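A look at the structure
Take a look at the letters that make up each chain.
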Amino acid sequence: MGITEPVLRKISQRLGAEWRKLATHLGLSAAEIERIVIDDPGQTENQIFNMLVKWRRQQSTSADQRDMLCTALIEIGRRDIVEDLIEITGLQGPYTFAYLRQQIIDNYKQTATTIPAHPVLETRNVDIEFFIPLFLRKNIPGKTKSDRFVTLREGERLLDANQTITLNSLDDLLNPEVVKEIKILLSGGAGTGKSTLLVKVANSCITLSSKPLLGRFDLVLWIKLRQMQQSSCVLDAIFDQLLARNTKLTKHIVKGFIDDHESGIVLLLDGLDEIPSHVLQSEEGVYRVQDILHNRVLTKSFVLVTTRPHMTQYVLRGHQKYAVVEACGFTPQDRDQYIRLNLSDDADMGEALISYLNDNTNLRDISALPIISQMLCLVWKNQKSLPERITELYTEFALALFKRCNKDMNDDQVMSDMMSIIDGLGRVALQGLLDSRGERLMFDKNEFQDCQSCLDEGCRVGFVQYETYTSGLDVKMLVTFIHKTIQEYFAACHLVKLLDDENNFRHQLKQIGERNVLAMEYLLRFCCGRSMQAAGLILDHIQEMQGDEMKLQRLARLLLIESGSEELATKLVRPTVVDCKSNEDLKSLSYYLHVTPSLEGTDFFMHVRKQELTLLRGILVSDSMKSAKHINVDYYLSEQKEELSLLEETLYVVDEQRRAQLQMVVRIEAKSWFDVGRVSHSFFRMQEQIGRLGLYMHQRSLDEVVDLLKALEGCRLDWHILYDTDLHARVRNVSHISSSLTGLGLPACRLVDDDVEDLISIIPTGHGLLGLALDGNAFSLDAVRALTQHLQGLPKLRLLKLSNIGLDAELIRQVVSQDLPHLKETEEGYFKAY
Ligand SMILES: Nc1ncnc2c1ncn2[C@@H]1O[C@H](COP(=O)(O)OP(=O)(O)OP(=O)(O)O)[C@@H](O)[C@H]1O
């Protein structure tokens, strides 16, 4: 595109003394320049004009004269003229700030609209819509309180910890009212979502191009430090990562823009831990990462740098005025939301995983890490459940984390390299768990002396992380595993390796006794999952232990299923009471029942949800249940629309005799979905089928309670518990007490003295009630006395609960022992007949 003479004239008027420099940049020789001067001595403006005309003449017609001239002008530091030129010619040029911004936004349109949907496969992505807010915690500058007690090898220590505030994800992070500093250091372990957060920030620029980040800035530069393998120069990185290969911009131009807009620039520097240290330390380049982080250049720009914890001190040493923000992963609610989004094809499947996790404290905890949630969703989607054996799941976790950082390794190498790191770290992990002075989850860096390379690799991969703390006068480098269960898994891998010398293994096992065996559940489960030989020795060891029988037997069943070795079932003690509170408990019971002879006289208590009905069915039809004493099932209605007909179907499969043994309570929890008509219909059908039937309602409205009880009039209910429903002055509304009722519970129902008369009236003298629970209400002693005197007329009453009713326990004890002497207090406010 050519330039007209009037335009050249305008440039000549503005240029001045630097014109010779420009001429050289445009390629004119010194002789040519001299010639121009001699031809029109003393007339600078003319000389410039002539030089430009001469240059223009030398260009081929196809040459983009305007671009060349603009580049040369910018290179000699006269962008002001370029901007005028663009204005004069009325054309949008590649030399404006707007052009640079547009190029970068075009890049974000390609790179910042998706997030990875798989820990290893880079090709699998999901839309940025899948972004879920992250839980962030920011330090309060200058407020350090020493309140973190940790157990270290040398004993207990107090570590200095910062006081923090919680941030509401990105909105707060970028809000200057909340985070006043313009330098932010976002730290967090592997897979806590640091990189993803930056994708989201870059993405927000696409729509808010001219005023990104709450209108505060002009340009957002998102740099992946991992890709800086040669130079730590951010200007280079802008060209390598953000600008098109054929961009017309030059480094000179871009630098000029950045300098001019310094306070309007945002630098998002992702993964400080991933830039090689020699690159970070190198002295070359413009806007070196180190200079930016230590506030030596671009001091007015907004910087958000992410890193694993071990690099935070490096940043803070060079510049202290950082808002230090910790990425803590998902909150439980947001984790649920993440699961729902990921499994949105089948809402039931998502809910099933959520309820599975709610049941399993350790998995629930670790799933706060986005990367683990992601893996859980992938496995669940594939198999519609998690692997029966938790060891498999943790092997998958470890593999995914390891492969994430070793994409080019082949499978054999992955396994052997990973296992040797795990073994090295596992030695220290085990020492920590079995420390005679109490479990240790934090380690001094020196404890890894013998396996420094494992520590370095483990840190790179994200199995462990280290952080610097001050403790009194000491500065400590402490190492932690990303989650306690990962420490337990690693410790188990190491312990099992000791089996090469069985005595050594036994020696370690001796450190696990009644005192700590339940706390070692995961360590032992992982051992059993990794080796049948270990499982045999561990089960023998447990069999010899004294202690809480029910809990030890539960643990043994979990270990048996984890070992996958039916023949080890003989090493389990026959249970007299089985209490299954979780999905895992049910699975391990089901496994045990299939490999053990009939359990005579055993009492079973099971908590069951919709997704566990198949398991329940298997348990109920098992031959080993034939001679069970009682089978108690608490069935929890889920939050999704649910037909009780599924439960009914499950029960019908069971033979009549066993159904008659069954005692079932249907639990409608605060968030359960339910429909009065359907639930009551099912109740009427089930009362015919099973031994005893009860209803439990938790935190439901009075209307719902009244409606359901009305609909259940005439149904044979054995128990009826309303928990935390406001029944004050409404007791008569729930007075449909059938003569079959044996248990009535109205805990925390805001009952007071005025309600006692109504209460008495709904339990007529002579009623066959066995148990009454009124804990959590507020009664005077007179009211309690009126009640106990009335209860004297209930011939079968064997249980009374009056705890936490706002009275001195001793006074209640006196009244009950006077009026109901056959009841004895077993724990405070809890009276039972023997
Ligand atoms: N806020 C989020 N919303 C949805 N998915 C997320 C979110 N954060 C993380 N994830 C998922 O978890 C994975 C791991 O997160 P990410 O790579 O951002 O972690 P990181 O903290 O940068 O880890 P590392 O230190 O190992 O680089 C992501 O690939 C993404 O799939």
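Residues numbered from 1 in each chain as written. Predicted model: local features only at pLDDT ≥ 70, side-chain atom pairs only at ≥ 80, totals over all residues. Heavy atoms only, no water.

1. Comments concerning the overall build of the protein
Under the convention used in this document: Numbering of helices and strands runs from the N terminus, with a helix taken as a DSSP run of H or I at least four residues long and a strand as a DSSP run of E at least two residues long. The globule rule used for comparison is 2.2 Å times the number of residues to the exponent 0.38, while the radius of gyration itself is calculated over C-alpha atoms. Exposed residues in this analysis have more than 50% of their type's maximum accessible area, buried residues have under 20%, and partly exposed residues fall in between, with area computed by a 1.4 Å probe over protein chains only. Residue contacts are defined here by distance: any two heavy atoms, one from each residue, within 4.5 Å place the two residues in contact. Per-residue and other accessible areas follow the Shrake-Rupley method at a 1.4 Å probe size, with only the shown protein chains counted as cover for residues.
When you go through the protein residue by residue, the secondary structure sums to 36 helices and 23 strands. Computed over the C-alpha atoms, the radius of gyration of the protein is 36 Å, more than 25% above the 28 Å expected from 2.2 N^0.38 for a compact globule of 834 residues. Projecting the C-alpha coordinates of the protein onto the three principal axes gives extents of approximately 130 × 65 × 55 Å. Counting the 834 residues in the protein, one finds 55% classified as buried. Residue pairs at least 24 apart in sequence account for 72% of intrachain contacts in the protein once pairs closer than 6 positions are excluded. When the accessible surface of the protein is summed, it comes to about 36300 Å², and 47% of that surface belongs to carbon and sulfur atoms.

2. What to know about the site of the ligand
We apply this condition: Nearness here has a simple test: a residue counts as near a molecule or strand if at least one of its heavy atoms is within 4 Å of that partner. Here a polar contact means two N or O atoms within 3.5 Å. Within protein one must be a hydrogen donor candidate and the other an acceptor candidate, and residues neighboring in sequence count only if both atoms are side-chain atoms.
By nearness alone, 21 residues border the ligand, and Pro-116, Ile-132, Lys-194, Thr-196 and Gln-374 come closest of all. Between Pro-116 and the ligand, the recorded distance is 2.5 Å, taken from a backbone N or O atom to an oxygen atom. Here an oxygen atom of the ligand and a backbone polar atom of Gly-193 are 3.0 Å apart. When the ligand sits alone it has 620 Å² of accessible area, and the protein chains cover 94% of it. The set of elements that each furnish at least two residues to the shell around the ligand consists of β1 (114-116), α9 (194-207) and α19 (370-383).

3. Focus on the sheet that holds strand β13 (residues 577-580)
Backbone-to-backbone hydrogen bonds pair the strands of a sheet. The strands run either parallel or antiparallel. How we decide: DSSP-based pairing: two strands are paired if at least 2 bridges between them are found. Axis geometry follows a simple rule: fit a line to the C-alpha atoms, using only the stretch in contact for helices, then measure angles between N-to-C directions, giving values from 0 to 180 degrees.
Strand order across the open sheet formed by 11 strands is β13-β14-β15-β16-β17-β18-β19-β20-β21-β23-β22, with mixed pairing between neighbours. Taken across any chain shown, the strands that pair with only one partner, and hence form the sheet edges, are β13 and β22 (823-827). For this sheet, the mean inter-axis angle between neighbouring strands, taken without regard to orientation, is 15 degrees. Where strand β18 (residues 719-723) lies against strand β19 (residues 743-745), three bridges are found, and the strand directions are parallel. Looking at the pairing, Trp-719 lines up with Gly-743 of β19.

4. Focus on the packing of aromatic side chains
The relative placement of two aromatic rings is captured by the distance of their centres and the angle of their planes. Stated formally: Here a Phe, Tyr or Trp ring, Trp counted by its six-membered ring, pairs with any other such ring whose centre lies within 6.5 Å, and the pair is stacked when the planes are under 30 degrees apart, edge-to-face when over 60, and tilted otherwise. By the criterion adopted, a ring carries a charge over it if an Arg CZ or a Lys NZ lies within 6 Å of its centre and within 35 degrees of its normal.
Summed over all chains, the structure comprises 15 aromatic pairs. Here Tyr-522 and Phe-526 contribute two aromatic rings whose centre-to-centre distance is 5.9 Å and whose plane-to-plane angle is 65 degrees, an arrangement assigned as edge-to-face. Of this pair, Tyr-522 and Phe-526 both sit in helix α25 (residues 521-530), separated by four residues, roughly a single helical turn. Of the two residues examined, Tyr-522 and Phe-526, each falls in the buried class. Three or more aromatic residues joined by ring pairs form one cluster here, namely Tyr-394, Phe-397, Phe-443, Phe-448, Phe-463, Phe-481, Tyr-489, Phe-490, Tyr-522 and Phe-526. Taking NZ or CZ as reference, Arg-609 lies 4.8 Å from the ring centre of Tyr-636, over its face. In this arrangement the basic side chain of Arg-667 is found over the ring face of Tyr-696, its NZ or CZ atom lying 3.8 Å from the centre.

5. Focus: the nonpolar core
Using the following cut-off: We call a set of buried residues a nonpolar core when its members are Ala, Val, Leu, Ile, Met, Phe, Trp, Tyr or Cys and they connect through side-chain atoms within 4.5 Å of each other. What fixes the domain bounds is an automatic or database domain assignment.
Formed by 275 residues in total, the largest nonpolar core has its most connected members in Leu-272, Phe-463 and Met-606. Viewed by domain, this core spans two of them, domain 1 (5-95) and domain 2 (101-330), each represented by three or more residues. In this structure Met-606 touches Cys-580, Leu-586, Leu-589, Leu-616, Ile-619, Met-625, Ile-631, Asn-632, Val-633 and Asp-634, once residues within four positions along its chain are discounted. Residues Leu-152, Met-442, Tyr-469 and Leu-478 belong to the second largest nonpolar core, which totals six residues.

6. Some remarks on the sheet that holds strand β12 (residues 474-481)
Spatial strand order, β10-β12-β11: three strands in an open sheet with antiparallel pairing. On the outer flanks of this sheet lie β10 (442-444) and β11 (464-471), each paired with one strand and no other. When the angles between neighbouring strand axes are averaged without regard to direction, this sheet yields 40 degrees. Here β11 runs beside β12; their pairing, made up of eight bridges, is antiparallel. In the sheet register, Ser-471 faces β12, and the bridge partner there is Asp-474. Contacting β11 and β12, helix α22 (residues 452-461) crosses the sheet at an angle of about 105 degrees to β11.

7. What about the environment of Leu-343?
Along the polypeptide, Leu-343 turns up in the loop between α16 (332-342) and α17 (347-359). Note on Leu-343: relative accessible area 2%, which makes it buried. Excluding anything up to four places from it in sequence, Leu-343 contacts Met-349, Gly-350, Leu-353, Cys-377, Trp-380 and Lys-381.

8. Some words on unusual backbone geometry
Positive phi values are uncommon outside glycine, yet Asn-295 reaches one of about 60 degrees. Located in the positive-phi region is Leu-298, a residue other than glycine, with phi close to 45 degrees. Assignment of secondary structure puts Leu-298 in the loop between α14 (289-293) and β8 (302-307).

9. Considering α17
Since one α-helical turn is 3.6 residues long, residues separated by three or four positions face the same way. Selection criterion: Expected helix span is given by 1.5 Å per residue-to-residue step, counting one fewer step than there are residues.
The end-to-end C-alpha distance of α17 is 18 Å, a good match for the 18 Å that 13 residues give at a rise of 1.5 Å each. With 10 of its 13 residues buried, α17 lies for the most part within the structure. Where α17 is concerned, the buried positions are Met-349, Gly-350, Glu-351, Ala-352, Leu-353, Ile-354, Ser-355, Tyr-356, Leu-357 and Asp-359. Residues of α17 that are buried sit in contact with α16, α18 (361-366), α19, α28 (583-595) and β14 (603-609).

10. Points about the domain arrangement of the protein
Inclusion rule: Here the quantity called buried area is the total loss of accessible area, with a 1.4 Å probe, experienced by two parts when brought into contact, counted for both.
The domain boundaries assigned to the protein delineate domain 1 (5-95) and domain 2 (101-330). Using C-alpha coordinates to define each centre, domain 1 is positioned 41 Å away from domain 2. Between domain 1 and domain 2, the contact holds nine residues from the first and eight residues from the second. Of the roughly 690 Å² buried where domain 1 meets domain 2, counting both sides, 62% is carbon and sulfur surface.

11. Some points on helix α11 (residues 234-242)
By the criterion of burial, α11 is predominantly enclosed, with seven of the nine residues buried. Taken residue by residue, α11 has Val-234, Leu-235, Ala-237, Ile-238, Phe-239, Gln-241 and Leu-242 as its buried positions. Each element contacted by the buried residues of α11 is listed here: α7 (97-111), β6 (219-224), α12 (251-260), β7 (265-270) and α14.

12. Remarks on the packing of α16 against α17
When two helices pack together, you describe them by how their axes are tilted relative to each other and by the distance separating the axes. Stated precisely, the cut-off is as follows: Between 65 and 115 degrees an angle is taken as roughly perpendicular, under 35 as roughly parallel, over 145 as roughly antiparallel, and anywhere else as oblique. Two helices cross in a left-handed way if the nearer one is turned anticlockwise from the farther one by less than a right angle. They cross in a right-handed way if the turn is clockwise. When residues are sorted by character, Ala, Val, Leu, Ile, Met, Phe, Trp, Tyr, Cys and Pro go into the nonpolar class, Asp, Glu, Lys and Arg into the charged class, and all the rest, Gly among them, into the polar class.
For the pair α16 and α17, the least separation of the axes is 8 Å and the interaxial angle reads 150 degrees. The pairing of α16 with α17 is recorded here as roughly antiparallel in orientation. The handedness of the crossing between α16 and α17 is right-handed. Touching Arg-335, Asp-336, Ile-339 and Arg-340 of α16 are Gly-350, Glu-351, Leu-353, Ile-354, Leu-357 and Asn-358, all from α17. In terms of residue class, the contact of α16 with α17 is built from four nonpolar, two polar and four charged.

13. What about the side chain of Asp-758?
Here Asp-758 is to be found in helix α34 (residues 753-762). Those residues in contact with Asp-758, other than ones at most four positions away along the chain, are Val-731 and Arg-732.

14. Some details on the pairing of β12
As paired strands, β10 and β12 are joined by three bridges and run antiparallel to one another. Paired with Met-442 across the bridge in β12 is Thr-480. Taking the residues that link successive antiparallel strands as the turn, the β11-β12 hairpin has two residues, and the phi of Gly-472 there is positive, at about 60 degrees.

15. So, the packing of helix α21 (residues 411-433) against α22
In contact at an axis separation of 9 Å, α21 and α22 are set at 110 degrees when each is read in the N-to-C sense. Comparing the axis directions of α21 and α22 gives the class roughly perpendicular. Judged by the sense of rotation from one axis to the other, the crossing of α21 with α22 is left-handed. The segment α21 lies against α22, with Ser-420, Ile-421, Gly-424 and Leu-425 engaging Cys-454, Leu-455, Glu-457 and Gly-458. Classifying every residue of the contact of α21 with α22 gives four nonpolar, three polar and one charged.

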